[in-house]
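# Examining the three-dimensional arrangement
Okay, here's what each chain looks like letter by letter:
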Amino acid sequence: MTSSASEEIASAAKAAFEASQLIPSQERINALQAIKAELESRKDQILAANRQDLEAAKSEVDAGRMSDSLLKRLDLTKGDKWDSMLQGVSDVAALPDPTGIVSYAKELDDGLELYRVSCPIGVLLVIFEARPEVVVNIASLAIKSGNAAILKGGKESSHTTQVLSAAISAGLARTAIPDTYVQTIQTRAEVSALLQLDQYIDLVIPRGSNALVQNIQNNTRIPVMGHADGICNMFLDDTANVTKAVRVAVDSKTDYPSACNSLENLLVHTSVLSTVWPEVAKALVAAGVQLLCDEPTLKALTTIYPPPQNFSTHLKAITPPFDAYATEHLSLTLSVTVIPSLDAAIKFINAHSSHHTDSIVTENDSAASAFCRGVDSAGTFVNASTRFADGFRYGFGTEVGISTGRIHARGPVGLDGLVSYKYMMRSQGERGHIASEFGTGEGKKAFKHKDIDARSVPF
């Protein structure tokens, strides 16, 4: 596709966004209901396309050109992924409208009112890898929040993406929202061209590998929101309860190993090396997890007699120069290290974490508080699995992605992360209001700055 064709897509998205701003919010709900109905009616067609992508992907895995974790993300039939995708559409439709909310209201002078009001960001360019359900997730959030979207999935999910996109367009065509409100593109050349069109596109959201995110950040002037890695940590504190430690660690690592919120580093307090740690290790190995251990954590396990089943094959020593603690395994592999104190754990996590989600297992409230405040990540949990870091589980309906940044949106990004705000002012004075009449000099008026009880803009 030529750059002019990409500009047509971006221009159409901007025009659709602008045209939609005066459409009642109920129409966005109608659009989501129509899209869900289209998805349900086209299920066989969509899953057939997904099987095509899976067959091609399996060949790539067999040839060593694709990771097994990427293949797992591609499968729409895995677990409850299909039902969750549809439920996500309904959940988003049922959420409160995030636009038009007044967060600041002042009377500046008699008859002069100022309001800060939430509004859509504009046109979103979302680039993701493998997971085809992301098309539906992001389309739902974009429509509900009043944003137009251009979506680019990975080539490995191209057949599924095209069929899902057709269903979304068909649903939009049954409403007052333009069918160009959500568009999909297929090639890297289109992405490269769109990244230069900051006059049309307002925010880029990449979901994928570190290389993908960094490449996008380095090749656009458009603001980028997202995260590169999901290196999540868990600290077994000196007061860790063994039952909680086993349950939380195993779930964090094995529930979905290829997800960005799965556990990658386990930190073990020195004082639980011979008590809690062996029980956690046995449970992890029984679940098929390979443990990459430093010398103290490995030694604590090799002294167990008789050795549990699979210890000989699933325990390995970490050998330099491999930096196991900066590695996103995305598989049933877990890096383990001993830590002498809570303070050391916080410092270790802040140095090695990707600032996604980190958890502590502890019975000490003070330690829990210090961990949650001291660890600089988008999510800090106590006695809970890192797998809870998800927009659906947070009650957002679904999510457009995870942000590990510190500006605008952080953590799972739902509807609230897809709105900005504008200031609206209204003068009801007989002659209007002018700024030069206000100030501190003689004859100047002073601002009242009086709070107004306003839940919506009255005009």
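None of these values were measured; they are calculated from a predicted model.

### Quick notes on the packing of helix α2 (residues 25–41) against helix α7 (residues 158–172)
Between α2 and α7, the least distance of the axes is 8 Å, while the angle of their chain directions is 135°. Judged on the interaxial angle alone, α7 and α2 are oblique. In terms of crossing hand, the pair formed by α2 and α7 is right-handed. Judged by residue contacts, A31, A34, I35, E38 and L39 of α2 engage L164, A167, I168, A170, G171 and L172 from α7.

### Some remarks on the domain arrangement of the chain
One can read the domain layout of the chain as domain 1 (5–218) and domain 2 (232–396). Taking the mean C-alpha position of each, domain 1 and domain 2 sit 34 Å from one another. Listed per partner, the contact involves nine residues of domain 1 and eight residues of domain 2. Three residues, S69, R73 and L95, lead the burial of domain 1 against domain 2; their summed loss comes to 56% of the area buried on that side. At the boundary of domain 1 and domain 2, one finds zero salt bridges. Counting across the domain 1 and domain 2 interface gives one residue pair in polar contact (both at pLDDT 80 or more). By residue number, the principal contributor to the side of domain 1 that touches domain 2 is helix α5 (residues 81–94), which donates four residues.

### Describing the packing of aromatic side chains
Any pair of aromatic rings gets described here by the distance separating the centres and the angle formed by the planes. For the structure shown, the criterion picks out five aromatic pairs. An angle of 85° between the planes, with centres 5.8 Å apart, marks the rings of Y421 and Y423 as edge-to-face. With relative accessibility at 48%, the residue Y421 sits in the partly exposed group. Overall, Y423 belongs to the partly exposed group, its relative accessible area being 47%. For the ring pair F438 and F447, a centre distance of 4.5 Å and an interplane angle of 5° mean the geometry is stacked.

### Here's the deal with helix α15 (residues 365–374)
Among the residues of α15, those classed as buried are A367, A368 and F371. The buried side chains of α15 occupy one side of the element, clustering within an arc of 100° when seen end-on. Turned more than 90 degrees off the buried face of α15, the exposed positions are D365, S366 and R373. Those residues of α15 hidden inside the fold are in contact with β7 (232–236), α14 (342–352), β12 (357–361) and β13 (379–382). Looking at where α15 begins, the residue whose side-chain oxygen comes 2.8 Å from the main-chain nitrogen of S366 is N364.

About the cut-offs
Sequence order as written defines residue numbering, which begins from 1 separately in each chain. At least 70 in pLDDT is required for a residue's local features to be given in this predicted model, at least 80 for side-chain atom pairs to be given and counted, and no such filter applies to totals for whole chains, interfaces and linings, which use all residues. Water and hydrogen atoms play no part in the side-chain values, which are based on all heavy atoms of the structure. Interaxial angle, 0 to 180 degrees, is taken between N-to-C directions of lines fitted to C-alpha atoms, where a helix line uses only the stretch in contact. The way it works is that DSSP assigns letters per residue, a run of H or I at least four long becomes a helix, a run of E at least two long becomes a strand, and they are numbered from the N terminus. Should an angle fall under 35 degrees it is called roughly parallel, over 145 degrees roughly antiparallel, and 65 to 115 degrees roughly perpendicular, with every other angle called oblique. Working rule for handedness: look at the near helix, and if it is turned counterclockwise from the far one by less than a right angle, call the crossing left-handed; if clockwise, right-handed. Note on contacts: a residue pair is in contact if any heavy atoms of the two residues lie within 4.5 Å. The domain limits used here are those given by an automatic or database domain assignment. Summed over both partners, buried area is the accessible surface (1.4 Å probe) that two parts give up on being assembled. Counted as salt bridges are all cases of a side-chain nitrogen of Lys or Arg within 4 Å of a carboxyl oxygen of Asp or Glu. We define a polar contact as two N or O atoms separated by no more than 3.5 Å, with the added condition that, inside protein, one atom must be a possible hydrogen donor and the other a possible acceptor, whereas residues neighbouring each other in sequence contribute only through side-chain atom pairs. Working definition: rings of Phe, Tyr and Trp (its six-membered ring) pair if their centres are within 6.5 Å, and the pair is stacked with planes under 30 degrees apart, edge-to-face with planes over 60 apart, and tilted otherwise. Throughout this description, buried means an accessible area under 20% of the type-specific maximum (1.4 Å probe, protein chains only), exposed means over 50%, and partly exposed covers the range between. In this description, the arc belongs to the directions extending from the helix axis to the C-beta atoms.

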